[in-house]
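Descriptive analysis of the structure
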Amino acid sequence: MGRASAAGGGSGGARRWFPWLGLCFWAAGAAAARGTDNGEALPESIPSAPGTLPHFIEEPDDAYIIKSNPIALRCKARPAMQIFFKCNGEWVHQNEHVSEESLDESSGLRVREVFINVTRQQVEDFHGPEDYWCQCVAWSHLGTSKSRKASVRIAYLRKNFEQDPQGREVPIEGMIVLHCRPPEGVPAAEVEWLKNEEPIDSEQDENIDTRADHNLIIRQARLSDSGNYTCMAANIVAKRRSLSATVVVYVDGSWEVWSEWSVCSPECEHLRIRECTAPPPRNGGKFCEGLSQESRNCTDGLCILGIENASDIALYSGLGAAVVAVAVLVIGITLYRRSQSDYGVDVIDSSALTGNSLLLNSAMQPDLTVSRTYSGPICLQDPLDKELMTESSLFNPLSDIKVKVQSSFMVSLGVSERAEYHGKNHSGTFPHGNNRNFSTMHPRNKTPYIQNLSSLPTRTELRTTGVFGHLGGRLVMPNTGVSLLIPHGAIPEENSWEIYMSINQGEPSLQSDGSEVLLSPEVTCGPPDMIVTTPFALTIPHCADVSSEHWNIHLKKRTQQGKWEEVMSVEDESTSCYCLLDPFACHVLLDSFGTYALTGEPITDCAVKQLKVAVFGCMSCNSLDYNLRVYCVDNTPCAFQEVVSDERHQGGQLLEEPKLLHFKGNTFSLQISVLDIPPFLWRIKPFTACQEVPFSRVWCSNRQPLHCAFSLERYTPTTTQLSCKICIRQLKGHEQILQVQTSILESERETITFFAQEDSTFPAQTGPKAFKIPYSIRQRICATFDTPNAKGKDWQMLAQKNSINRNLSYFATQSSPSAVILNLWEARHQHDGDLDSLACALEEIGRTHTKLSNITESQLDEADFNYSRQNGL
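Residues numbered from 1 in each chain as written. Predicted model: local features only at pLDDT ≥ 70, side-chain atom pairs only at ≥ 80, totals over all residues. Heavy atoms only, no water.

So, the state of the cysteines
Using the following cut-off: Any two cysteine sulfur atoms within 2.5 Å of one another count as a disulfide. For helices the rule is a DSSP run of H or I covering at least 4 residues; for strands it is a run of E covering at least 2, with both sets numbered from the N terminus onward. Only protein chains enter the calculation, and the probe is 1.4 Å; a residue is then buried if its accessible area is under 20% of its type maximum, exposed if over 50%, and partly exposed in between.
As enumerated under the stated definition, the model contains five disulfides in all. The disulfide partner of Cys276 is Cys288, and the gap between their sulfur atoms is 1.8 Å. Linking Cys276 and Cys288, the disulfide has an S-S dihedral of approximately 80° and is accordingly described as right-handed. Of this pair, Cys276 sits in the loop between strand S25 (269–273) and strand S26 (293–297) while Cys288 sits in the loop between S25 and S26, placing them twelve residues apart in sequence. Looking at Cys276, the relative accessible area reads 10%, which means it is buried.

Points about helix H8 (residues 775–785)
Operational definition: We call two residues in contact when some of their heavy atoms are within 4.5 Å.
Buried residues of H8: Ser776, Ile777, Arg778, Ile781, Cys782 and Phe785, and no others. Buried positions along H8 lie against helix H9 (795–801), helix H11 (817–828) and helix H12 (835–845).

Details of the packing of aromatic side chains
The following threshold applies: Ring geometry is summarised as follows: Phe, Tyr and Trp rings, the Trp one being its six-membered ring, pair when their centres sit within 6.5 Å, and such pairs are stacked at plane angles under 30 degrees, edge-to-face over 60 and tilted between the two. For a ring to carry a charge above it, either NZ of a lysine or CZ of an arginine must fall within 6 Å of the ring centroid while also lying within 35 degrees of the normal to the ring plane.
Throughout the structure, instances matching the rule amount to 15 aromatic pairs. Taken together, a centroid distance of 5.9 Å and an interplanar angle of 35° make the contact between Tyr578 and Tyr810 tilted. Here Tyr810 lies in helix H10 (residues 809–812) and Tyr578 lies in strand S36 (residues 578–581), a separation of 232 residues in the sequence. Centroid distance Tyr810 to Phe811: 5.5 Å. Interplanar angle 85°. Geometry classified as edge-to-face. Of the two residues, Tyr810 and Phe811, neither departs from the other in class, the shared state being buried. An aromatic cluster is built from Trp551, Phe663, Phe695 and Trp699, whose rings are joined through pairwise contacts. Directly above the aromatic system of Phe640 lies the positively charged group of Lys612, at a separation of 5.9 Å from the ring centroid.

A word on the sheet that holds strand S16 (residues 176–178)
Selection rule: Whether two strands pair depends on DSSP finding at least two bridges between them.
Spatial ordering of the open sheet is given by S16-S21-S20, a layout of three strands whose pairing is antiparallel. Of all the strands in the sheet, the pair left with one neighbour each is S16 and strand S20 (208–209). Across two bridges, S20 lies against strand S21 (residues 216–218) in antiparallel orientation. Among the inter-strand pairings, Ile208 is bridged to a residue of S21, identified as Ile218.

Notes on the pairing of strand S48 (residues 735–743)
Bridge count between strand S47 (residues 721–730) and S48: nine bridges; the pairing is antiparallel. What sits directly across from Lys725, in S48, is Gln739.

Quick look at the confidence of the model for the chain
This is how it is decided: pLDDT is a residue-level measure of predictor confidence that goes from 0 to 100.
Within the chain, residue pLDDT values average 75, and 71% of them lie at 70 or more. Summarising per-element confidence for the chain, the mean pLDDT is lowest in helix H5 (residues 446–454) (27) and highest in strand S33 (residues 536–541) (96). Taken as a whole, residues 755–760 scores under 50 in pLDDT and shows 22 contacts with residues more than four places along the chain or in a different chain. Counting contacts from residues 847–873, a segment whose pLDDT is below 50, to residues more than four positions away or on other chains yields 48 contacts.

Some points on unusual backbone geometry
That bond from Val186 to Pro187 is cis: its omega, -10°, falls within 30 degrees of zero. Gly526 connects to Pro527 through a cis peptide bond whose omega is 15°. Its location among the elements puts Pro527 in the loop between strand S32 (523–526) and S33. Although it is not a glycine, Asp676 sits at a positive phi angle of roughly 55°. On the secondary structure map, Asp676 appears in the loop between strand S43 (670–675) and strand S44 (682–684). Residue Asp676 is classed as exposed on the basis of its relative accessible area of 53%. Positive phi, close to 55°, is recorded for Lys732, a residue that is not glycine. Residue position: Lys732 is located in the loop between S47 and S48. A residue is classified by how much of its surface remains accessible, and Lys732, at 65% relative accessible area, is exposed.

This is the structure:
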């Protein structure tokens with residue numbers, strides 16, 4: 001190679017300088033280069049100079065910028081005195097060129113090679129009607145030549161497939177078509193299909209075609225084609241996997257031909273049979289339809305069974321004698337009954353029509369050791385509410401009825417006591433709405449059962465309200481973990497406000513940016529124009545495994561225009577609000593109402609979201625099938641309430657106590673498997689016992705409750721017990737096992753109750769009853785700690801002893817820092833009301849030596865303190 005230079009030269013020419021380009025060219029003879037202000041025109045040719053036009057040995061190729069790496073465009077020409085690049089119609093500055101010059105030994109012509117770098121920023125800053133492009137212009141003594149235009153584009157591949165393949169069940173020899181539309185990308189992604197994680201080679205199998213617009217076509221399905229299929233898309237930037245699609249190729253059973261008729265039996269019948277083995281059903285295929293055995297008379301109805309021996313004669317004689325004896329007994333009883341009646345019919349005491357016991361003789365007591373059960377078309381309009389039939393119903397004719405009676409003597413007389421009607425017991429198990437305890441509801445107590453169902457929140461609205469005044473109070477959304485504390489004095493005297501609180505259960509309005517995820521429900525409190533004189537405390541549950549090393553958690557508020565803006569990071573210092581992050585909830589001190597939510601940005605792959613996993617079960621329309629639904633939702637009470645509400649409408653039953661799963665932000669997917677299914681009792685369709693959920697769907701699962709469904713089939717209707725294990729695990733992460741041991745019959749199923757947090761029975765509590773610390777004690781604490789002390793035993797020490805160690809500047813701006821600290825204590829201890837811990841903190845400071853929980857009623861000025869003692873405070 002020859003020497004490297006920024007611009008070459010040639011003998012016999014004049015050097016010209018183009019100031020608008022910053023370039024220096026050699027021109028032959030006296031010819032002058034022409035130029036314009038935009039630098040578009042340069043010398044096209046010099047007819048008087050001998051030689052040839054430049055010929056390009058190498059032209060620039062189309063290129064793609066990957067991530068932030070610049071690309072190099074090259075071109076080589078001969079003979080060439082100079083080569084320069086022009087990009088998007090403008091000349092590239094001379095300093096950005098790197099050139100190399102050599103001599104072609106065979107022709108003696110000068111060869112010049114030039115390259116430039118194009119950066120991502122240059123391409124992003126270009127806004128034109130076409131792609132970013134560059135071309136080379138080469139000069140020789142004779143004139144100029146131009147290369148082809150090379151386009152430069154930024155390469156990318158989106159994460160989500162435009163269409164994922166869908167699982168299918170197809171009969172054998174049927175056609176299978178799996179559709180796949182890869183993510184948008186530049187350059188366009190190439191598609192490859194995997195079966196059970198192994199690449200599919202359509203050239204090796206003529207039955208498979210993968211060329212038709214990325215789709216997978218299997219012309220004639222075989223049993224071996226069953227499996228999990230995945231669409232892989234890849235370009236020079238990345239690879240993407242679609243959701244796996246399970247394909248099941250099944251075989252419906254068919255009947256062999258009928259066998260020959262058997263010989264005629266002693267009963268004058270012969271049989272023929274056929275078996276479902278041509279072929280037998282496989283992979284969930286239907287069993288053969290029709291009869292497997294057929295019989296008919298083999299003597300055209302003329303068969304006469306003879307009595308062969310004396311033992312048969314004795315048998316039939318005995319039966320005849322028994323029939324005669326029964327007939328005589330019935331006639332005797334009938335005559336006796338008629339002799340006791342002047343009218344020749346049964347006379348029943350009218351007390352039987354009003355539901356009283358029927359006794360024909362006061363000295364005759366019923367025999368309670370005998371009972372018989374009736375059967376027949378008895379229909380009560382509302383058997384859940386009526387224990388007894390009404391008087392009018394006894395006059396209605398009842399066809400083919402056998403009454404359950406409790407006296408063997410009355411049976412013999414044809415008279416019975418009052419029938420007992422037992423409705424089927426229905427059981428329901430749901431998280432409590434306004435009641436703490438749950439148990440099986442009996443039909444005769446129908447009203448509480450209906451109220452219990454109606455108290456559950458629905459997805460359309462979760463909302464509660466209360467009227468508060470100067471004394472303050474607490475507003476609680478039952479079983480959601482969301483609450484609002486209005487401190488005493490926050491509302492001016494003689495004023496009252498109707499305060500509301502609601503939870504958004506629809507599609508979140510907060511759209512996450514980048515790696516940011518929503519960690520809590522969107523909570524709205526109002527009215528927005530209400531002004532408070534003291535910060536109120538809003539408690540919001542979250543699902544993050546709290547760690548400042550792995551999470552950056554933010555509090556956000558929705559503006560009136562519907563946009564979300566950051567209020568603060570929970571680790572920041574701020575005087576406008578305060579966030580205290582507990583393991584399962586965040587307590588926020590605010591001075592304005594609105595809509596708030598918590599978001600998190602994972603700092604490392606070790607960031608963990610807490611998920612609640614649960615399994616529900618119910619019978620399907622097919623009496624032999626039983627459905628299992630496994631849920632993985634954010635570990636917030638309101639998220640699980642939504643699941644319970646959905647399952648209630650579907651008739652689902654909680655089969656095992658929910659458990660906690662730690663899900664890492666390591667981009668690995670979640671696998672849900674059904675294990676240890678009892679053989680010969682239950683079966684599950686092939687390739688459906690394990691399902692995999694992509695990481696993104698789990699990590700952003702707050703939009704809809706995430707669940708996987710499994711269908712189990714009994715071999716026989718007599719199987720009523722189900723035992724299996726549900727394994728939920730993250731690849732390279734944690735796992736949980738749910739043990740299912742249940743009866744699929746509702747009457748035999750053991751009730752599993754799930755208790756949510758022990759929220760208040762009444763959503764709104766006002767006045768002193770809403771607070772754990774009696775008002776007089778609260779005043780004495782504030783008066784003591786709001787005054788600075790030389791020994792440092794002031795409100796800062798009070799905050800420290802209550803695990804409030806940061807952002808103390810917020811409390812310093814309050815008129816009573818101690819009061820705000822105690823408000824935060826009230827919000828944190830709304831469920832336990834642990835006054836002992838507060839008393840211990842005060843004792844450590846040295847301000848008091850008496851536990852607040854042991855202070856007698858006579859020491860308090862508040863009349864409501866007796867209420868606090870009665871509630872275990």
